[in-house]
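Take a look at the letters that make up each chain.
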Amino acid sequence: MKILVLNCGSSSLKYQLIDMEDESVMAKGLVDRIGIPDSLLSHKPTGKDKYEVKADIENHDVAIKMVFDALVDKDHGVIGDLSEIGGVGHRYVNGGALFPQSIITDEAVIKDMETTFAMAPLHNPAHVMGMRACQKLMPGTPMVTVFDTSFHLTMPPKAYTYGIESDVAEKYKIRRYGAHGTSHRYVSKRAYELLGNENAKIVTCHLGNGSSVTAVDAGKCIDTSMGFTPLAGVLMGTRCGDIDASAVTYLIDNGVVKAEDMANYLNKKCGLLGVSGVSSDLREVENAAAEGNELAQKAIDMLYYGVEKYIGAYMVAMGGLDAIVFTAGIGENSIAARKAILESLSFLGVKVDEEANNCRGEERCITAPDSKIKAFLIPTNEELAIARDTLELITK
Ligand code: ADP
């Protein structure tokens, strides 16, 4: 069966068509600047040339129609007819406590989703726009939604509760939800297979533009670094990570950043970019640091230190640690980041295998055979995880 995976953002849409016979990607692409002049569809059919269309794409209905047209096009298409798509899997950023697992998505489920919009105001409404477009354009094709938050719903209350008044937290549903759950689930599942021990205690480090660290004990998430929104935790590309809320109110009180601009400031102007003043892209920050830029070096040190602290904290939370997993853009590609983070744990008997670690994007163990705690590089694949859930639920 062929499954279309859709990740609809507020002004962009990413897609992959996956043939579940062999889990191969038939085509993938991106529609950018939806609702903004000069939108762009970039479509890459496997084994064929990339195809791009520049046009004003006014909304998600139009964007998805263009994706469908590209998929069945006689030159750059990969299927003869839309009826070949057996199901659509949608990514959903924050389903709150309402959606503990992936779910077949019908009208009633979409209505429930509409109550979660406030939890990810940029993302959740856009995901539903994508579902509505599919309902219109391919009625009858089953849809499944996979939530970034589901994997984290096994956290105990002591890990997800903030120290604010209980009735306020309850009324406004304020708690730690975490993010990147589909990725943490995917790579931890693979780590359990590699370890051959389903009771292992694992810390998964999804380090990319957005980064999060998760404690997985016997397959269940027990804590994670992102919070109510994906702003919390370690230093990220443009997000500040953990910060004292008083620093935020202080900036507002002193007129440095207006209250209404604060979310944008903390999410878009801070992190590696804000600290280094160079870039949100770790490669550029690494280059600047190598040329002697001290702020760039400080930003890198902060990123590593944040990850190291979470690993330490989660080792205590789980009462031990068997393995550490690195994934996503930085985790899969930054040899220096993995080496530095693991070397900080050498007092625990962690021994990096430098030769094994000297690679990018390949699944492997990167610690020496006598290392007390193993570390793995495991490339993430959230689209495949979504496609697998979709297939499983619609064929049940
Ligand atoms: P997103 O969270 O947007 O999906 P990615 O997972 O693609 O982001 O991660 C992007 C990050 O990965 C950027 O900071 C980028 O610099 C970093 N990255 C990619 N390749 C390398 C590399 N070779 N060395 C260091 N960092 C890298």
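Everything below is about the structure shown above.
In this text the structure is predicted, and so the values were computed from the model without any measurement. (Residues numbered from 1 in each chain as written. Predicted model: local features only at pLDDT ≥ 70, side-chain atom pairs only at ≥ 80, totals over all residues. Heavy atoms only, no water.)

Trainee: Explain the overall build of the chain residue by residue, including any values.
Mentor: Counting its secondary structure elements, the chain contains 15 helices and 14 strands. Relative to the 2.2 N^0.38 estimate, which gives 21 Å for 396 residues, the radius of gyration of the chain is 21 Å and therefore close to what a compact globule would have. The principal-axis extents of the C-alpha atoms in the chain amount to approximately 60 × 55 × 45 Å. Split into buried and exposed, the 396 residues of the chain put 49% on the buried side. Expressed as a percentage of contacts within the chain between residues at least 6 apart in sequence, the contacts between residues at least 24 apart total 60%. Surface summary for the chain: the accessible area is close to 18300 Å², and the carbon and sulfur share equals 52%. Between the averaged position of the 40 positive side-chain charges in the chain and that of its 53 negative side-chain charges there is a distance of 1 Å. (Helix = DSSP H or I, 4+ residues; strand = E, 2+ residues; numbered from the N terminus. Rg over C-alpha atoms; globule rule 2.2 N^0.38 Å. Buried < 20%, exposed > 50% of the residue type's maximum accessible area, 1.4 Å probe, protein only. Contact = heavy atoms within 4.5 Å. Areas by Shrake-Rupley, 256 points an atom, 1.4 Å probe, with all protein chains shown as cover. Lys, Arg positive; Asp, Glu negative; His and termini not counted. Charge placed at Lys NZ, Arg CZ, Asp CG, Glu CD.)

Trainee: If you had to explain the site of the ligand to someone new, which residues and values would you point to?
Mentor: Around the ligand, a shell composed of 14 residues is seen, among which Asn 209, Asp 281, Leu 282, Gly 329 and Arg 360 lie nearest. Here an oxygen atom of the ligand and a backbone polar atom of Gly 210 are 3.3 Å apart. Separating an oxygen atom of the ligand from a backbone N or O atom of Ile 330 is a distance of 3.3 Å. Starting from 580 Å² of accessible surface for the ligand in isolation, the protein chains cover 70%. Mapped onto the shell around the ligand, the elements with two or more residues apiece are α10 (282-290) and α12 (328-333). For the shell around the ligand, the leading source of residues is α12, giving four residues. (Near = heavy atom within 4 Å. Polar contact = N/O pair within 3.5 Å; in protein donor to acceptor, adjacent residues only side chain to side chain.)

Trainee: Got a sec to walk through the packing of helix α6 (residues 181-195) against helix α15 (residues 382-394)? Specific residues and values, please.
Mentor: Running from N to C, α6 and α15 point in directions that differ by 85°, and their axes come no closer than 9 Å. Judged by the inter-axis angle, α6 sits roughly perpendicular to α15. Residues Thr 182, Ser 183, Arg 185 and Tyr 186 of α6 lie in contact with α15, whose contacting residues are Glu 382, Leu 384, Ala 385, Ile 386, Arg 388 and Asp 389. (Axes fitted to C-alpha atoms, helices over the stretch in contact; angles between N-to-C directions. Parallel < 35°, antiparallel > 145°, perpendicular 65-115°, else oblique.)

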